[in-house]
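Below are the chains, spelled out letter by letter.
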Amino acid sequence: MDIEIGDVTLRRGDLIMLDFALANFDKRAFDDPARIDFGRAPNPHVTFAHGPWHCLGAQLARIELQESFRRC
Ligand code: HEM
């Protein structure tokens, strides 16, 4: 089955690549997405993917990043 997204037609079997970083800049989901705001809420970012593909190291990565910023 073909799917229309905007001006693009995706055909059965087409290979697509999702850009998680780009999704985090979606103005429909984030107010002023380019602004760095550690207190942003809600913050539905997909930096660590989503659902069954969610990053298994996300909690470790968060701790590492918090520790890095704490030491700055
Ligand atoms: C800022 C740091 C990190 C980011 C942004 C990140 C991001 C991601 C993303 C987007 C995926 C999904 C990839 C896909 O769709 O196939 C993923 C998967 C995964 N990540 Fe991370 N990751 C980070 C750190 C880590 C760390 C520190 C570990 C382990 C110590 C880790 C372990 C994994 C594993 C094992 C998967 C595969 C999960 C699965 O397919 O079930 N990641 N990560």
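Every value quoted in this text rests on a predicted model; they were computed, and no experiment measured them.

Enquirer: Please explain the site of the ligand as it appears in this structure.
Expert: Inspection of the region around the ligand gives Phe20, Thr47, Phe48, Ala49, Trp53, His54, Cys55, Leu56, Gly57, Leu60 and Ala61 as its neighbouring residues. Looking at the shell around the ligand, its residues break down into eight nonpolar, three polar and no charged.

Enquirer: Sorry, what's going on with a nonpolar patch on the surface here?
Expert: Taken together, the side chains of Ile36, Phe38, Leu65 and Phe69 define a hydrophobic patch exposed on the protein surface, amounting to about 520 Å² of accessible area. Tracing the backbone through its elements, the reader meets Phe69 in helix 2 (residues 58-70).

Enquirer: Explain the side chain of Arg40 here, please?
Expert: Counting through the fold element by element, Arg40 comes out in the loop between helix 1 (20-23) and helix 2. Although Arg40 is buried, it makes no salt bridge; Asp37 carries the closest opposite charge, 4.9 Å away. If we ignore the near neighbours within four places in the chain, the residues touching Arg40 are Phe30, Asp31, Asp32, Pro33 and Arg35.

Here is what the cut-offs are and how they apply
- Residues numbered from 1 in each chain as written.
- Predicted model: local features only at pLDDT ≥ 70, side-chain atom pairs only at ≥ 80, totals over all residues.
- Heavy atoms only, no water.
- Near = heavy atom within 4 Å.
- Nonpolar A, V, L, I, M, F, W, Y, C, P; charged D, E, K, R; others polar.
- Patch = residues over 30% accessible without salt bridge, like charges linked within 9 Å, V, L, I, M, F, W, Y side chains within 5 Å.
- Areas by Shrake-Rupley, 256 points an atom, 1.4 Å probe, with all protein chains shown as cover.
- Salt bridge = Lys/Arg side-chain N within 4 Å of Asp/Glu carboxyl O.
- Helix = DSSP H or I, 4+ residues; strand = E, 2+ residues; numbered from the N terminus.
- Buried < 20%, exposed > 50% of the residue type's maximum accessible area, 1.4 Å probe, protein only.
- Lys, Arg positive; Asp, Glu negative; His and termini not counted.
- Contact = heavy atoms within 4.5 Å.

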